[in-house]
Amino acid sequence: MARAVSETHGEILAAAARRFAVTGYRGTSLQDIAREVGCSKATVLYHFANKETLLAELMAPAIAVLQDLDDQLTDLTGTAAQEVAATGFVDLAVRFRREIAVLRGEFPELLCQPPFAHIQRISERLRDALAGHSDRSGPRIAALVLLAGISEACAEFVDIPDDELRAALLTLVRRAIEPVDAHLPRQPTTEDKDS
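Residues numbered from 1 in each chain as written. Predicted model: local features only at pLDDT ≥ 70, side-chain atom pairs only at ≥ 80, totals over all residues. Heavy atoms only, no water.

Undergrad: Explain the overall build of the protein chain to me, and be specific about the residues and the numbers.
TA: A count of helices and strands for the protein chain gives 11 helices and 0 strands. For the protein chain, the C-alpha radius of gyration of 21 Å lies well beyond 16 Å, the compact-globule estimate for 195 residues. Judged by the C-alpha coordinates and their principal axes, the protein chain covers about 85 × 30 × 30 Å. Buried positions account for 39% of the 195 residues belonging to the protein chain. Taking the intrachain contacts of the protein chain between residues at least 6 apart in sequence as the baseline, contacts between residues at least 24 apart amount to 71%. Counting only carbon and sulfur atoms, one obtains 56% of the accessible surface of the protein chain, whose full area is about 11,000 Å². The average position of the 21 basic charges and that of the 29 acidic charges among the side chains of the protein chain differ by 5 Å. (Helix = DSSP H or I, 4+ residues; strand = E, 2+ residues; numbered from the N terminus. Rg over C-alpha atoms; globule rule 2.2 N^0.38 Å. Buried < 20%, exposed > 50% of the residue type's maximum accessible area, 1.4 Å probe, protein only. Contact = heavy atoms within 4.5 Å. Areas by Shrake-Rupley, 256 points an atom, 1.4 Å probe, with all protein chains shown as cover. Lys, Arg positive; Asp, Glu negative; His and termini not counted. Charge placed at Lys NZ, Arg CZ, Asp CG, Glu CD.)

Undergrad: So what's going on with unusual backbone geometry? Which residues, and what values?
TA: Backbone geometry places His133, a non-glycine residue, at a positive phi of 60°. Summarising the element assignment, His133 is placed in the loop between α8 (117–130) and α9 (137–156).

Undergrad: Describe the nonpolar core, and please don't skip the residues or the numbers.
TA: Within the largest apolar cluster, 56 residues are counted, with the highest numbers of intra-cluster contacts made by Phe20, Leu54, Leu55 and Leu130. In this view, Leu130 contacts Gln82, Ala85, Ala86, Ala143, Leu146, Leu147, Val173 and Ile177; residues no more than four positions away in its chain are not counted. (Core = buried A, V, L, I, M, F, W, Y, C linked by side-chain atoms within 4.5 Å.)

Undergrad: Give me the environment of Arg26: which residues, what numbers.
TA: Inspection of the secondary structure puts Arg26 in the loop between α1 (2–23) and α2 (30–37). Sequence-distant contacts of Arg26, defined by excluding residues within four places in its chain, comprise Lys51, Glu106 and Glu109.

Undergrad: Give a detailed account of the confidence of the model for the protein chain, specifying residues and quantitative values.
TA: Taken over all residues, the pLDDT of the protein chain has a mean of 86, while the share at 70 or more is 90%. Below pLDDT 50 for its whole length, residues 183–189 participates in 4 contacts with residues either more than four positions away or in separate chains. (pLDDT = per-residue confidence, 0-100.)

Undergrad: How would you summarise helix α10 (residues 162–176) if you had to cite specific residues and measurements?
TA: Between its first and last C-alpha atoms α10 spans 21 Å; for 15 residues at 1.5 Å apiece the expected length is 21 Å, and the two agree. Turning to α10, its buried residues number three or more, namely Leu165, Leu169, Leu170 and Val173. Across the axial projection of α10, the buried residues extend over an arc of 125°, all falling on one side. Seen from the open side of α10, the exposed residues pointing more than 90 degrees away from its buried face are Asp163 and Arg175. Those residues of α10 that are buried lie in contact with α5 (78–95), α6 (97–103), α8 and α9. (Expected span 1.5 Å × (residues − 1). Arc of directions from axis to C-beta.)

Undergrad: Describe the packing of aromatic side chains, listing the residues and the values that go with them.
TA: Where two aromatic rings form a pair, the distance of their centres and the angle of their planes describe that pair. One pass over the full model with this rule turns up 1 aromatic pair. Cation over ring: Lys51 sits above Tyr25, and NZ or CZ is 4.5 Å from the ring centre. (Phe/Tyr/Trp six-rings, centres within 6.5 Å; stacked < 30°, edge-to-face > 60°. Lys NZ or Arg CZ within 6 Å of the ring centre and 35° of its normal.)

Undergrad: Can you tell me about the environment of Tyr46, naming the residues and giving the values?
TA: Tracing the backbone through its elements, the reader meets Tyr46 in helix α3 (residues 41–47). Along the chain, Tyr46 and Val5 lie 41 residues apart, while their C-alpha atoms are 9.9 Å from each other.

Undergrad: Quick rundown of the side chain of Lys51? Include the residues and the values.
TA: Inspection of the secondary structure assignment puts Lys51 in helix α4 (residues 51–73). Since its relative accessible area comes to 18%, Lys51 is described here as buried. A distance of 2.6 Å separates a polar atom in the side chain of Lys51 from the backbone oxygen of Thr28. Not counting residues within four places of it along the chain, the set of residues in contact with Lys51 comprises Phe20, Tyr25, Arg26, Thr28 and Leu30. (Polar contact = N/O pair within 3.5 Å; in protein donor to acceptor, adjacent residues only side chain to side chain.)

Rendered as structure tokens:
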């Protein structure tokens, strides 16, 4: 019996992911998910308190990786922060393409829901790290455009193999982001002091 409950739980998650990707989170009802699984709405509610809980569980692995990336960025600055943010976010986006497709177009609304409220703060810190914590507008704008573009590309280009997509995205990011350390004042060298 426990195996059947576990299997049903997984089937509901898989059906929800498919439905959310096709009709969006708002456009999918628990009844739609139940119909796809071949069970009752009561069965879906047995496994998940509501649609928000279902989405939270569906997104939990991606959110855990995003939180881990945020933790890695805590003490980094400059180009080190840029590199970790770039590779970390590209890896996350490629790995969780399906989850990104689910959120496509509904991300701002979903951030208002309690299970996802902290993602906005993490996203802002990720954007700041990608910009190398620069106060200049150019790196900040580039970081925001890249984060949105990476997500969109991962959701759109499902036909491109992961390793190929990852390489293309990292090449793009490295071309678009100007190393912030290039704008730090040059430290005087011993030769400067001798002249």
